[in-house]
Amino acid sequence: MSTHGDHGTEEYQHSSASRELLILYATETGTAQETADRIARECRRVHFHCRVQSMDAYPPETLISEHLVIFVVSTTGWGAEPRAMSSLWNMLLRSDLPNDLFEDMDFCVFGLGDTAYEKFCWPAKKLSRRMQSLGGYEICSRGEGDEQHRMGVDGALDPWIEYLLEVLIQLYPLPHEQDNIPAGRPPPRVSLSNVGSDTSLNPDPLDEDTKFHTASVKCNKRITAEDWFQDVRHFEFSFEDDIKYNPGDVAVIHPSAPASEVDSFLVTMGWANVADNFFTVEHTMLDQTLPDHLPKFVSLRILFTRYLNFNAVPRRSFFQLLRYFAVDELEREKLDEFVSIEGADEMYDYCQRVKRTIWEVLSEFRSARIPREYVFDLFPPLRPREFSIASSIEFHPREIHLCVAIVRYRTKLKIHRKGVCTSYLSGLKLGDTLRIGLRKGFISLPTDPNTPVVCVGPGTGIAPMRAVIEQRIHKGHTNTTLYFGCRSAHKDQHYHTEWESHAEERKLRYRVACSRDGPEGVKRTYVQDLMKEDAQYIWTMLGQQQGILIISGSSNKMPTAVREAVRGAVERFGGRSNAEAVEYVAAMEREGRLIEECWS
């Protein structure tokens, strides 16, 4: 690994007193947050005082005052930055920023991604280049964690952290009387104090968050056939607040774990008798994060119902900490094997491959006695889930609609699994209330009514497309095309009566690919196949009329295949060479005429 620039280490040393470090993370699933916490713990060993913050909670305008920053950035969809990064990234892209803006800043970047996707760690790469172009000094080469590695992101993170610590000690030498803190059991990030049963509890912080609004359940209806393997629901929520959102925006929902599962888990842990005792939580290790909206007074039952996830698949860091609490010698030996480099494959087979949960692991490592103070260190936060809004506020004032696939599957161990948040949603009754937040999405619609919009949204990818179509119909725009993909016209063609009605009224052009309805042995038809059939029309809409293409859905092979269909149309009917067609599609993306809202 190398640093950039011509600075020598001696010339570039800093005062040993300047040992403040900011770690900014942007995450979708929580991995970047966990990685940021891990980096902060390791930097503590060389006596750095770290602040760890999510990018969306950090004021972008204050970045200029920082002298040492580590960015930890995940990758979403087709190489897009996480939503939490958008505000900071948009600020950094401003054309009026001087090229010496961050000349007094040292920084480095660790990206998280998956080499199964073409634009591996793309946001981290772009951020690294942009910070350098604005004068920042990259103290060590960008790290890139790969989910495909047999050790997961740790395969790249472990050596990157060791190199980072070497660089930090060179640039920020330790005072002579201080040595590195040896690795060992880290102190808990909180201290807990029992409170009396007569203590008056504080209001729920989520109720006081002005970014969230109280919603009432108006509709919870299955829209796939009753005999279909997948349960997809249409939800409608009504609000007293005059909420505002745009097509492409997302609803943020904090789930609750089922009471029966929480009860059983607390019994497994031996905490059933103290589950309802209240205590205060004092955040003592400020370089480690805590769950959002955590109240001052809480009990173990409340923690594992709303704030900590005991059904998550544990990462390697979980086993590294658990080994300190196992008292059985054989169990400790097995945990030592799991966290060793040689045991990486065995840990993967035991845990990730079969999706074994933390609860199931603790049921097998029964000698582990976890102190209450360490629950925030061992259990990841029960994160809020984000769902693309499936309605236009113009069509449905003070309402939010969602289209959600209820997650249920069987693991390789034949154990039934349920998604925490989708199970929570599926159990909501009419009239139930919950808090829903709003977050800006990536879709930006054209203001010119003559600009066509082509929507590609198979499966539940239809959600933001429904919002787009409703908004455009409300504004009187009729040059909208929808390519929808499903398996069966009669089983899972979501909202088909709406699309057929709009098409009949010439407000929408509707094309549907039902991949499993064809005769046995005949090639299946997908959305990209319809687009290839419509190549001349695609060129007219996206080439001659400079329209916008929006792709939404699972970030598997579909987005790549759709782009390939567009490139083919540009070649055949736009008169471009293959290389020129590739560049044309890339230019569409740069110009904001190709928008992707995909998830893995």
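Residues numbered from 1 in each chain as written. Predicted model: local features only at pLDDT ≥ 70, side-chain atom pairs only at ≥ 80, totals over all residues. Heavy atoms only, no water.

(A) Summary view of unusual backbone geometry. If you check the backbone angles, Lys414 has positive phi at about 65° while not being a glycine. Within the element layout of this structure, Lys414 appears in the loop between strand S15 (408–410) and strand S16 (416–418). (Helix = DSSP H or I, 4+ residues; strand = E, 2+ residues; numbered from the N terminus.)

(B) Local environment of the packing of helix H14 (residues 462–474) against helix H15 (residues 496–504). At their nearest, the axes of H14 and H15 sit 12 Å apart, and the two run at 30° to each other. What the angle tells us is that H14 and H15 run roughly parallel. Considering how the two elements wind past one another, H14 and H15 form a crossing that is left-handed. Packed against H14, whose contacting residues are Ile462, Arg466, Ile469, Glu470 and Ile473, the element H15 presents Glu498, Trp499 and His502 at the interface. Its residues placed into classes, the contact of H14 with H15 shows 4 nonpolar, 1 polar and 3 charged. (Axes fitted to C-alpha atoms, helices over the stretch in contact; angles between N-to-C directions. Parallel < 35°, antiparallel > 145°, perpendicular 65-115°, else oblique. Left-handed = near helix turned anticlockwise from the far one by under 90°. Contact = heavy atoms within 4.5 Å. Nonpolar A, V, L, I, M, F, W, Y, C, P; charged D, E, K, R; others polar.)

(C) How the structure looks around the packing of helix H17 (residues 535–544) against helix H18 (residues 558–574). Between H17 and H18, whose axes approach to 8 Å, the crossing angle comes to 90°. Relative to H18, the element H17 lies roughly perpendicular. Counting all contacts with H17, which are made through Ala535, Gln536, Ile538, Trp539 and Leu542, the residues of H18 involved are Val566, Ala569, Val570, Arg572, Phe573 and Gly574. By residue class, the composition of the contact of H17 with H18 is 8 nonpolar, 2 polar and 1 charged.

(D) A look at the nonpolar core. Membership of the largest hydrophobic core comes to 45 residues, with the highest contact counts inside it found for Phe265, Leu303, Phe304, Phe319 and Phe379. If near-sequence neighbours (up to four positions away) are discounted, Leu303 is found in contact with Phe279, Leu294, Val298, Leu308, Val375 and Phe376. If you look at the next biggest cluster of nonpolar residues, it comprises 31 residues, including Ala36, Phe110, Trp160 and Ile161. (Core = buried A, V, L, I, M, F, W, Y, C linked by side-chain atoms within 4.5 Å. Buried < 20%, exposed > 50% of the residue type's maximum accessible area, 1.4 Å probe, protein only.)

(E) Representation of the UniProt feature "domain: Flavodoxin-like" (unreviewed entry) in the chain within the structure. As recorded in UniProt, the sites labelled "domain: Flavodoxin-like" (unreviewed entry) are residues 21–165. The annotated region residues 21–165 carries 31% helix and 22% strand content, and the separation between its end C-alpha atoms amounts to 12 Å. (UniProt positions renumbered as here; feature names shortened; annotations may be inferred.)

(F) Just the sheet that holds strand S9 (residues 232–239), in detail. Strands sit in the order S13-S10-S17-S8-S9-S14 across an open sheet of 6 strands; the sheet is antiparallel. Each of the sheet's edge strands pairs with one partner strand only, and the pair in question is strand S13 (385–388) and strand S14 (399–405). Taken pair by pair, the neighbouring strands of this sheet meet at an average axis angle of 40°, ignoring direction. Pairing between strand S10 (residues 250–253) and S13: 4 bridges, direction antiparallel. Bridging from a neighbouring strand, Val250 pairs with Ser388 of S13. (Pairing = 2+ DSSP bridges.)

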